[in-house]
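# Residue-level structural notes
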Amino acid sequence: KLSLMNSIRLRRHAISIVPQSRRVLLRPFIPAEMSRIRTMMERVFVRSEESVGEELAKVWQDFEFRHRNLGAVLLENYERVQKQVPWAAPVSDQRKLLLGALFSGEYALESAAIFNPSIVAHPDQRGVAPGAVRFVMSLRATGEGHISSIEFRTGMIDAGGNISMDSVSPYVSAAEIVANPSFQKRQFQMKLLELGLLQEDAQAVLAPLGDIFSLAELTQIMAQVRQKTEPKTHDFRRALDCIQWLADSNYEQHFPETLAFSERIVFPFSPNETNGIEDARFVRFREDDGSVMYYATYTAYNGRSILPQLIETLDFAKFRILTLSGARVQNKGMALFPRRVGGRYAMLSRFDDENLFLMYSQSPYEWTDPQLILRPSAMWESVKIGNCGSPIETDAGWLVLTHGVGPMRKYCIGAVLLDREDPTQVIGRLHEPLLAPEGADREGYVPNVVYSCGSMVHGRELILPFAVSDLASTIISVSLDELLAKLTCGASAR
């Protein structure tokens with residue numbers, strides 16, 4: 001389907017990614033009160049072994065076909081509460097499984113929405129035909145309680161620009177959390193300094209540790225410091241609490257490499273993420289030596305405050321989750337450039353929740369000194385502007401898709417062009433939206449919104465996945481030559 005927007009041809013593909021309530025993740029369901037846990041357990045232990053077997057058979061009949069490893073997950077959830085077992089005798093395997101089921105529940109990851117996609121070239125391009133590219137798409141999935149997680153889809157763009165999506169598995173799996181992750185001391189020091197907590201108490205914990213240290217080493221040092229320090233002042237407790245918070249916020253998780261991408265779910269884990277992982281902007285980053293790392297900035301939300309975080313992965317099977325530091329690591333919508341610019345990392349941000357800024361750094365984890373590059377101009381972006389993913393390098397400059405919020409909180413997608421050598425210089429800007437919510441695209445979980453978290457260029461087309469009113473997602477292709485011509489033909493800079 002071809003259409004025109006701002007005199008630029010758009011091709012909408014017959015792809016619709018819609019919420020599927022049948023895709024459910026098995027999660028722990030454990031009451032906070034110890035007394036309730038024990039009471040629930042007692043209701044299982046008073047049953048005979050035969051009765052336990054009958055009840056477990058019902059669970060298997062109802063749920064086995066919905067999960068790939070039902071028994072393993074139930075046993076894991078039993079282990080979470082086994083210290084509360086009111087029973088001296090050995091517990092049979094089937095009783096453990098029934099207890100595990102009692103403390104488990106299904107969560108429909110995308111029952112409310114699947115939206116805000118980003119797209120990057122797949123790390124494995126083996127067997128791909130000439131002129132084609134395999135891709136990975138990340139999506140924000142939202143379920144009960146508005147808790148958001150990251151899902152993945154894969155597909156192919158052929159030499160003619162036609163797009164096909166791979167089939168989606170009916171199963172989903174949470175990652176295995178690495179029990180003893182490693183940390184960089186400098187990152188801890190920078191974040192504590194930013195919070196005003198790099199004082200004597202924090203130094204006493206960090207000083208004995210190496211430049212790279214493990215969680216086990218940190219836990220041991222913290223225990224020693226707690227034991228030695230008297231009196232335990234408010235500042236001491238606050239410093240140790242913050243160090244523990246940092247450790248909890250920086251973690252690693254792994255999926256089996258054989259698991260389909262659509263089964264891999266990055267679900268909230270740290271205290272910062274209790275209400276969701278929002279709007280991951282993935283980028284394929286190429287270092288000066290040719291090595292590649294996939295990064296994603298995202299927003300961690302705990303129901304009260306937001307925290308910009310970073311994901312890094314080589315293969316979408318092993319993920320490191322990291323806390324960003326710096327005085328201007330604030331608000332939503334940070335997006336990393338796909339390579340160094342002038343020898344430094346570069347990042348777009350909207351730390352003031354209104355304008356678009358550019359930051360440089362010698363590290364992808366530390367960000368300060370934002371430079372204002374773009375303010376709202378047209379009425380369709382008069383409330384605020386932000387990016388729709390990482391900049392894309394073209395011969396004409398850095399292409400940045402933007403989102404603008406205008407009257408009635410209507411979200412549109414626009415575009416700007418930044419100078420390749422000095423991205424603080426805006427050399428082109430669309431004065432009308434590239435894409436606006438119209439017709440059925442206006443209706444959804446949050447009406448009147450089109451939004452994207454990342455695009456890619458294939459041949460002479462811009463492949464733009466976008467969300468329809470925070471409900472579902474689709475893809476359009478845009479003529480790159482027409483878009484660049486529009487941006488460079490008499491467009492004002494600011």
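Report on the accompanying structure.

Analysis parameters
Residues numbered from 1 in each chain as written. Predicted model: local features only at pLDDT ≥ 70, side-chain atom pairs only at ≥ 80, totals over all residues. Heavy atoms only, no water. Axes fitted to C-alpha atoms, helices over the stretch in contact; angles between N-to-C directions. Helix = DSSP H or I, 4+ residues; strand = E, 2+ residues; numbered from the N terminus. Parallel < 35°, antiparallel > 145°, perpendicular 65-115°, else oblique. Left-handed = near helix turned anticlockwise from the far one by under 90°. Contact = heavy atoms within 4.5 Å. Core = buried A, V, L, I, M, F, W, Y, C linked by side-chain atoms within 4.5 Å. Buried < 20%, exposed > 50% of the residue type's maximum accessible area, 1.4 Å probe, protein only. Pairing = 2+ DSSP bridges. Nonpolar A, V, L, I, M, F, W, Y, C, P; charged D, E, K, R; others polar. Salt bridge = Lys/Arg side-chain N within 4 Å of Asp/Glu carboxyl O. Lys, Arg positive; Asp, Glu negative; His and termini not counted. Polar contact = N/O pair within 3.5 Å; in protein donor to acceptor, adjacent residues only side chain to side chain.

A few words now on the packing of helix H5 (residues 185-194) against helix H8 (residues 234-249). At a minimum axis separation of 11 Å, H5 and H8 run at an interaxial angle of 130°. Put simply, H5 runs oblique to H8. Read as a crossing pair, H5 and H8 show a hand that is right-handed. From H5, Phe188, Lys191 and Leu192 reach across to H8, where they touch Cys242, Ile243, Trp245, Leu246 and Ala247.

Here the focus is the nonpolar core. Among the nonpolar cores identified, the biggest contains 28 residues, and Leu399, Leu434 and Leu483 are the most heavily contacted of them. Discounting chain neighbours no more than four positions away, the residues touching leucine 434 are Met5, Ile8, Leu10, Leu401, Ile413, Gly414, Leu464, Val478 and Leu483. Core analysis: the next-biggest nonpolar cluster, separate from the first, contains 22 residues, Ala175, Tyr251, Phe261 and Phe282 among them.

All right, on to the sheet that holds strand E19 (residues 335-336) then. Taken in spatial order, the 4 strands of this open sheet run E19-E20-E21-E22, and their pairing is antiparallel. In this open sheet, the two edge strands, each paired with only one partner strand, are E19 and strand E22 (371-374). As judged from the 3 bridges shared by strand E21 (residues 356-361) and E22, these two strands associate in the antiparallel manner. Looking at E22, one finds that leucine 358 is bridged to glutamine 371.

Turning our eyes to something else, we now look at the sheet that holds strand E7 (residues 148-157). Here we have 4 strands laid out as an open sheet, ordered E5-E6-E7-E8, and antiparallel in their pairing. In the strand order of this sheet, the two ends are held by strand E5 (113-121) and strand E8 (163-165), each with one partner. Between one strand and the next, the sheet's axes are offset by a mean angle of 35°, whatever the strand orientation.

A separate point is the packing of helix H3 (residues 70-81) against helix H4 (residues 93-102). Viewed as axis vectors pointing N to C, H3 and H4 meet at an angle of 80°, and their least axial separation amounts to 7 Å. By the criterion of interaxial angle, the relationship of H3 to H4 is roughly perpendicular. For the pair formed by H3 and H4, the contact residues are Gly71, Leu74, Leu75, Asn77 and Tyr78 on the first element and Lys96, Leu97, Leu99, Gly100 and Ala101 on the second. Here the residues of the contact of H3 with H4 sort into 6 nonpolar, 3 polar and 1 charged.

What follows is about the pairing of strand E31 (residues 472-479). Along E31, 8 of the 8 residues are buried, which leaves the element largely enclosed by surrounding structure. Of the two faces of E31, the one lined by Ala472, Thr474, Ile476 and Val478 and the one lined by Ser473, Ile475, Ser477 and Ser479 are each fully buried. With 3 bridges joining them, strand E2 (residues 8-12) and E31 adopt antiparallel strand pairing. Residue pairing in the sheet places arginine 11 in a bridge with serine 477 of E31. Pairing of strand E30 (residues 461-468) with E31, which is carried by 8 bridges, proceeds in the antiparallel orientation. When the sheet's bridge partners are listed, phenylalanine 466 is paired in E31 with threonine 474. Once E30 ends, the chain turns through 3 residues before running back antiparallel as E31, passing serine 469 with a positive phi of about 50°.

With that settled, consider the pattern of salt bridges. Per the counting criterion, the structure on display carries 26 salt bridges. The shortest N-O distance in the salt bridge between arginine 11 and glutamate 461 comes to 3.1 Å. In this pair, arginine 11 sits in strand E2 while glutamate 461 sits in strand E30, placing the two residues 450 residues apart along the sequence. Here lysine 332 ties to glutamate 278 by a salt bridge, and the two come within 3.2 Å at their closest N and O atoms. Placement of the pair is lysine 332 in the loop between strand E18 (318-323) and E19 and glutamate 278 in strand E15 (residues 277-286), with a sequence separation of 54 residues. By relative accessible area, lysine 332 is classed as partly exposed at 30%. Taken together, the shared-partner salt bridges connect Arg23, Glu110, Glu151 and Arg153 into one network.

A positive phi angle is found at phenylalanine 316, which is not glycine, with a value near 65°. Position of phenylalanine 316 among the secondary structure elements: in the loop between strand E17 (306-313) and E18. On the basis of relative accessibility, which here comes to 1%, the residue phenylalanine 316 falls in the buried class. Of note, aspartate 369 is a non-glycine position whose phi angle comes to about 50°, a positive value. Within the secondary structure, aspartate 369 is located in the loop between E21 and E22. Here aspartate 369 falls in the exposed class, since its relative accessible area comes to 62%.

Next up on the list: the environment of glycine 145. The residue glycine 145 is located in the loop between strand E6 (133-142) and E7 in this model. For glycine 145, a relative accessible area of 57% corresponds to the exposed category. Separated by 43 residues in sequence, glycine 145 and leucine 102 place their C-alpha atoms 21 Å apart.

Structurally, the position occupied by arginine 134 is in strand E6. Among buried Asp, Glu, Lys and Arg side chains, arginine 134 stands out as unpaired, with aspartate 124 the closest opposite charge at 4.4 Å. Within the structure, arginine 134 has its side chain in polar contact with the backbone oxygen of aspartate 124 (distance 2.7 Å). At a separation of 3.4 Å, a polar atom in the side chain of arginine 134 contacts the main-chain carbonyl oxygen of arginine 126. Look past the residues within four positions of arginine 134 in its chain and what remains in contact with it is Ala121, His122, Asp124, Gln125, Arg126, Val128, Gly155 and Met156.

Geometric values such as these leave the question of function open.
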